[in-house]
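Results of the structural survey
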Amino acid sequence: MPALNETHDLNLTSWVASANDAQSDFPIQNLPFAVFRRQGSDEAFRGGVAIGDQIVDLAAAKDVGVFSGLAQTAAEACAAPTLNEFMGMGSEAWSALRLALSQALRSGSDAEAKLSACLVAQADAEYDLPCTIGDYTDFYTSVFHATAVGSLFRPDNPLLPNYKWVPIGYHGRSSSIDVSGQTFHRPKGQTKAPDATEPSFGPCKRLDYELEMGIYIGKGTELGDVIALDDADDHIFGMCLFNDWSARDIQAWEYQPLGPFLAKNFASTVSPWIVTTEALAPYRTAWSRDENDPQPLPYLESEQNRNEGAFDIQLEVLLESEKMRAEGQAPAKLSESSFVHSYWTVAQMVAHHTVNGCNMKPGDFFGSGTQSGPQHDEAGSLLELTRGGKEPLTLENGETRTFLEDGDAVIMRGFCAKDGAARIGFGEVVGTVLPAKA
Ligand code: CA
């Protein structure tokens, strides 16, 4: 597991002045990766690293002689239009490039003159998916979400008996995952009202978001290989924010017996920046399991996972309606939560996913499942916040919502902060609902 090292030092500052702002998501201790180009240009997409309000263009930086050895090889891999090759190089290469970037971007570094010519302002950039996502698996790791949703769908039997033994997940669809800024048409499908005798077809009436973390696999495995719990960090490149848009009325009718299908595969949105596992090291924290709950089976149990398996990542969801945009009003905050409440750790997700020999490829992607906290107002979906649409939310400007309306944009943000460590952020993920196609 990545240890704390000089790249996490709270006292580091950068010659990129905006990185030294205490509220910046991207101080020199963060150094997240994305794929970008200049907005509206026909430049090739390539890898970049965020520093303050700038991006270090790695396709340019690899040619100016500031990196050497493994860091240089890693930077060359990042010049490609996807980061899969770099992600597959493993943690030694990720760490080498992070350390080289940290040293080159520090106040007083000799690299300033050469590297300052490789900066692109984030305000001038557009992003692509950071890698080709081969396979996508969505987990269900918030027991608070699982219980609240279960009680709406199955009032007599909210939490199924396997939940506390198995990290529940399903294989999703990667083709409809896109980067922040995604717009999509309200899906149509089959739904059946509880009192109807037959289903009907039409636009979704209960469109929702899900506040999730996204997890990118780095180094892959061969079919038949198992990733042991304590080796999982060597395969986890990093994390992003993830909005798993959901059609609740379609979901309720289709989900049994094989789980979500068309309710989940019409759009899913990731934030552009991947915050690396190494950058998150200061925010690892103890993971525990209530003593009254079943304790994990041995392949999901270790001292390391108990001591540092959880990540304290603070999350929030905001909604910007068409009216707010038209009238220049700020988006309305819907809820706040933290990834620290997850019932299963990321390492347990990886260990469980591969325990049968399922192989992983660089760029494979996991959703964490909706990260609802223990309190009702910490819910990560409208389904929960409005108790299945029964209690509409009143927004600050007087608008109300049970589920999403056409024109609504959902914004998710995340950051880590604590005494003794630099605040690091994930930026944001934004997606907008368009009317159903005629
Ligand atoms: Ca989900």
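Everything below is about the structure shown above.
As a starting point, this report considers the structure included with it.

Observations regarding the overall build of the protein
Each helix and strand counted, the protein has 11 helices and 26 strands in total. In terms of C-alpha radius of gyration, the protein reaches 22 Å, essentially the compact-globule figure of 22 Å for 438 residues. Residues counted as buried form 55% of the 438 residues belonging to the protein. In the protein, 73% of the contacts between residues at least 6 apart in sequence involve partners at least 24 apart. Looking at the protein as shown, the accessible area adds up to about 17800 Å², and 50% of this sits on carbon and sulfur atoms. Across the protein, the centroid of the 32 positively charged side chains sits 5 Å from that of the 60 negatively charged ones.

Side note on the state of the cysteines
One pass over the full model with this rule turns up 0 disulfides. For the unlinked cysteine C78, the closest cysteine sulfur is that of C131, found at 12 Å. Between C358, a free cysteine, and C131, which holds the nearest cysteine sulfur, the sulfur-to-sulfur gap is 17 Å.

A word on the coordination of the calcium ion
Tetrahedral coordination by four donors places them ideally at 109.5 degrees to one another around the metal; octahedral coordination by six donors ideally gives 90 or 180 degrees. Coordination of the calcium ion by the protein involves D138 (OD), E210 (OE), E212 (OE) and D244 (OD), with metal-donor separations of 2.2 to 2.3 Å. The sequence pattern describing where the donors of the calcium ion fall on their chain is D-x71-E-x1-E-x31-D. With D138 in strand β6 (residues 136-139) and D244 in the loop between β14 (236-243) and β15 (246-247), this pair connects stretches of sequence that are 106 residues apart. As far as burial versus exposure is concerned, D138 and D244 are alike and both buried.

Looking at the packing of helix α2 (residues 69-78) against helix α4 (residues 91-105)
Taken N-terminus to C-terminus, the directions of α2 and α4 make an angle of 95°; their axes are 8 Å apart at the nearest point. In terms of their interaxial angle, α2 and α4 are classed as roughly perpendicular. Seen from α2, the contacting residues are L70, A71, A74, A75 and C78; seen from α4, they are E92, A93, A96, L97 and A100. Along the lines of polarity and charge, the residues of the contact of α2 with α4 split into 9 nonpolar, no polar and 1 charged.

Considering empty space enclosed by the protein
A complete count under the given rule lists 2 cavities of 30 Å³ or more for this structure. For the largest cavity, the full set of lining residues is W287, G309, A310, F311, F339, V340, S342, W344, T345 and V346. For the lining of the largest cavity, the residue count by class is 7 nonpolar, 3 polar and no charged.

With respect to the pattern of salt bridges
All chains considered together, the criterion is met by 26 salt bridges. Here R46 and D57 are joined by a salt bridge, their closest N and O atoms 2.9 Å apart. Linking R46 in strand β2 (residues 46-51) with D57 in strand β3 (residues 54-57), this pair joins segments that are 11 residues apart in sequence. Residue D57 is classed as buried on the basis of its relative accessible area, which comes to 7%. In this structure, the salt-bridge partner of D208 is R248, at a minimum N-O distance of 2.9 Å. With D208 in strand β12 (residues 207-208) and R248 in helix α7 (residues 248-254), this residue pair connects regions lying 40 residues apart in the sequence. Note on accessibility: D208 and R248 belong to one class, buried. Each member of the salt-bridge network shares a partner with another, and the members are D208, E210, D244, R248 and K264.

What about unusual backbone geometry?
P257 follows Q256 through a cis peptide bond whose omega is 5°. The residue P257 is located in the loop between α7 and β16 (268-270) in this model. In this structure, L31 is a non-glycine residue whose phi angle is positive, near 55°. With a relative accessible area of 2%, L31 lands in the buried category. You will see that R387, though not glycine, has its phi angle at about 50°, which is positive. Note on placement: R387 falls in the loop between α11 (382-385) and β23 (393-394). Classification of R387 as partly exposed rests on a relative accessible area of 39%.

Considering the sheet that holds β2
Judged by pairing direction, the sheet is antiparallel, and its 5 strands sit side by side in the order β4-β3-β2-β1-β5 without closing on themselves. A strand with exactly one partner marks an edge of an open sheet, and here the two such strands are β4 (119-121) and β5 (125-128). Taking each pair of neighbouring strands and ignoring which way they run, the sheet shows an average axis angle of 50°. Judged from the 4 bridges that link them, strand β1 (residues 33-38) and β2 form a sheet pairing that is antiparallel. Paired with A34 across the bridge in β2 is G48.

Description of the side chain of E210
Here E210 shows up in the loop between β12 and β13 (211-217). A distance of 3.3 Å separates a polar atom in the side chain of E210 from a polar atom in the side chain of T370. Not counting chain neighbours up to four residues away, the residues in contact with E210 comprise D138, H145, F242, N243, D244, S246, R248, K264, T370, G380 and M412.

Scoring rules and cut-offs
Residues numbered from 1 in each chain as written. Predicted model: local features only at pLDDT ≥ 70, side-chain atom pairs only at ≥ 80, totals over all residues. Heavy atoms only, no water. Helix = DSSP H or I, 4+ residues; strand = E, 2+ residues; numbered from the N terminus. Rg over C-alpha atoms; globule rule 2.2 N^0.38 Å. Buried < 20%, exposed > 50% of the residue type's maximum accessible area, 1.4 Å probe, protein only. Contact = heavy atoms within 4.5 Å. Areas by Shrake-Rupley, 256 points an atom, 1.4 Å probe, with all protein chains shown as cover. Lys, Arg positive; Asp, Glu negative; His and termini not counted. Charge placed at Lys NZ, Arg CZ, Asp CG, Glu CD. Disulfide = S-S within 2.5 Å. Donors = N, O, S within 2.8 Å, 3.2 Å for Na, K, Ca; no water. Axes fitted to C-alpha atoms, helices over the stretch in contact; angles between N-to-C directions. Parallel < 35°, antiparallel > 145°, perpendicular 65-115°, else oblique. Nonpolar A, V, L, I, M, F, W, Y, C, P; charged D, E, K, R; others polar. 1 Å grid on protein atoms, 1.4 Å probe; cavity = no way out; pocket = protein on both sides within 12 Å on 5 of 7 lines; lining within 4 Å. Points joined across faces, edges and corners; volume = space filled by probe spheres on them. Salt bridge = Lys/Arg side-chain N within 4 Å of Asp/Glu carboxyl O. Pairing = 2+ DSSP bridges. Polar contact = N/O pair within 3.5 Å; in protein donor to acceptor, adjacent residues only side chain to side chain.

All we've got here are geometric facts, nothing functional implied.
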